[in-house]
Amino acid sequence: MSKQIIVPFGPQHPVLPEPIHLDLVLEDEKVVDVIPSIGYIHRGFEKLVEKREYTDYVYIAERTCGICSFVHGATFCQGIEQIMNIDVPERAQYLRVIWSEYSRLHSHLLWLGLFADSFGFENLFMNAWKIREDILDVMEQTTGGRVIQGSCKVGGVRRDISNEKLDMMAKDLDRIDRDMKKLTTVFLKDDSIRHRLRNVGVISREDAYHFGAVGPTARGSGVSIDARKLGYGAYDRLNVQVVTDSCGDSYSRCAVRAKELFTSTDLIRQAVKKIPEGPIDVKVTGAPEGEYFMRAEQPRGELVHYLKGNGTKFLVRSRIRTPTLTNIPPLIKMLQGCELADVPVIVLSIDPCISCTER
Amino acid sequence: MENQTTTNIDVGKLIGCVERFRNKGCRLVQIGCTKVGEQYEINYSFDKDYHFENIRLTVTADTEIPSISGMYWSAFIYENEMHDLFGIQVRGMNIDFKGTLIRTAIKYPFSQPPVTVTKGDKP
């Protein structure tokens, strides 16, 4: 047996936008074990629930993540609405779906760019982020914010989108689809990318499932789980296609996200076609008493907001289980046996969001 | 909306109960802790085919609970979190960070009494 050495990876590393630390146990160039460590930016958001009224806490929940902020806010609101039996107007439910899917487009395009950057394809990185700007423009036009929208509230949404604007958005998606098609063709067909990603960071279907993988990390290994299938919001009235791939390597995880861009634009089009006229919110009185585990599909996978109220304005507990937290154990499995040079690509292939994880 | 069931169990029955979920092919969704008065509620959540089930332990601060990481390897991430934030003692974790997974300014911050907010307090 070769001599084992430990190489620290992170918390500061060129491929890591946020800090996570991994102790890589190496034999020659091969990783034989990995010990993760987080906690560099723990913010204690969950503790803040004790001093913010539940209606204000929506803003805190949104700030859990700077990428999928809308989904966090919407998930929190839906959890409270479940506890309080609030009947949210149909139009608000469709608007939540539309903004959630724009968030997914934004997140996946951001990730595709970062991923291209991790394997040295700078031009592809810039092209992915160029399309992402179009998505952020729509978010800004319809909510007022590029990454923190503040458009969701308990009982509905704060802003409506006019039908004319919705039609324009749907029409503009045709152009965005064409741009994304060009972009994803490079990701999926280019030989150098395929060579760099195939058979790198492989995790089997069984391991992905039993180690708790969620989102594209699970679906890239053929595990067909997608919380949108639970039918929350208006998803039960839309045709949600779950994208899977079977190889379980970095290429498969990339392919799932690339294909999910088009399922998101499809869902937005479906929602625009079906969205009814009507109010966008209901008046909320009282305070939540009870508990609920609200599950939703964030761009990185299944998100859980556990909420418990005692009949006062202040919740007893808000526990946020983010997809990256549960994707860390599968990441360890992927890294075991890989080459040191592949570690950055594999780490990025799960789309780690440390600010979500640290919350 | 999703039908969710929660079953209260004793600490002694945890391993057997989790084993049944494992044998049924359920996925571990999360383990989370909540301080309720002087006690702690620990929720173990499982899912199979979009069917959500939850089991709950109610323990005191000095209760040591067995790790389920022997059956669900990924449980170590939640068990370490529970220890670092609430001070829950977990016996037999497959990866024990010994309190260093989450760096906090004060020890076991979530075991501290809830903040009391009165009108006029600055947030």
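Quick note: structure is the one above.
Residues numbered from 1 in each chain as written. Chains lettered and ligands numbered in written order. Predicted model: local features only at pLDDT ≥ 70, side-chain atom pairs only at ≥ 80, totals over all residues.

Asks: So what's going on with the overall build of chain A? Residues and values would help.
Replies: Of the regular secondary structure elements, chain A holds 13 helices and eight strands. Once the C-alpha set of chain A is aligned to its principal axes, its extents read approximately 65 × 45 × 30 Å. Counting over 359 residues, chain A shows a buried share of 55%. Counting only contacts in chain A whose residues sit at least 6 apart along the sequence, the fraction spanning at least 24 positions is 70%. (Helix = DSSP H or I, 4+ residues; strand = E, 2+ residues; numbered from the N terminus. Buried ≥ 20, exposed ≤ 12 C-beta atoms within 10 Å, placed from the backbone. Contact = placed C-beta atoms within 7 Å.)

Asks: Explain the overall build of chain B to me, and be specific about the residues and the numbers.
Replies: Of the regular secondary structure elements, chain B holds two helices and six strands. Secondary structure elements of chain B, listed N to C terminal, follow the sequence β-α-β-β-β-β-α-β. Counting contacts in chain B only where the partners sit at least 6 residues apart, residues at least 24 apart contribute 47% of the total.

Asks: Could you give an account of the interface of chain A and chain B, naming the residues involved and the relevant values?
Replies: With 31 residues of chain A in contact, the opposing surface of chain B contributes 29 residues. Elements with a minimum of two residues in the side of chain A that touches chain B: strand E6 (289–298), strand E7 (301–310), strand E8 (315–321) and helix H11 (323–335) of chain A. For the side of chain A that touches chain B, the per-class residue count stands at 14 nonpolar, seven polar and ten charged. (Nonpolar A, V, L, I, M, F, W, Y, C, P; charged D, E, K, R; others polar.)

Asks: Can you explain helix H4 (residues 90–118) of chain A? Please cite residues and give values.
Replies: Residues three or four positions apart in an α-helix share a direction because the helix packs 3.6 residues into each turn. Residues and elements named next belong to chain A. The terminal C-alpha atoms of H4 lie 42 Å apart, and with 29 residues this matches the ideal 42 Å at 1.5 Å per residue to within 8%. Taken across its 29 residues, H4 has 26 buried, putting it largely inside the fold. Phi for Gly120, located one or two positions after H4, is positive at around 85 degrees. (Expected span 1.5 Å × (residues − 1).)

Asks: Give a description of the packing of H4 of chain A against helix H10 (residues 250–274) of chain A that names residues and reports values.
Replies: Residues and elements named next belong to chain A. Remark: H4 packs on H10, axes separated minimally by 9 Å, with the N-to-C direction vectors making an angle of 160 degrees. Judged on the interaxial angle alone, H10 and H4 are roughly antiparallel. In this structure, H4 meets H10 at a crossing whose hand is left-handed. Where H4 approaches H10, its residues Tyr94, Val97, Ile98, Glu101, Arg104, Leu105, His108, Trp111, Leu112 and Phe115 are matched on the opposing element by Cys254, Arg257, Ala258, Glu260, Leu261, Ser264, Leu267, Ile268, Ala271 and Lys274. Classifying every residue of the contact of H4 with H10 by side-chain character gives 13 nonpolar, two polar and five charged. (Axes fitted to C-alpha atoms, helices over the stretch in contact; angles between N-to-C directions. Parallel < 35°, antiparallel > 145°, perpendicular 65-115°, else oblique. Left-handed = near helix turned anticlockwise from the far one by under 90°.)

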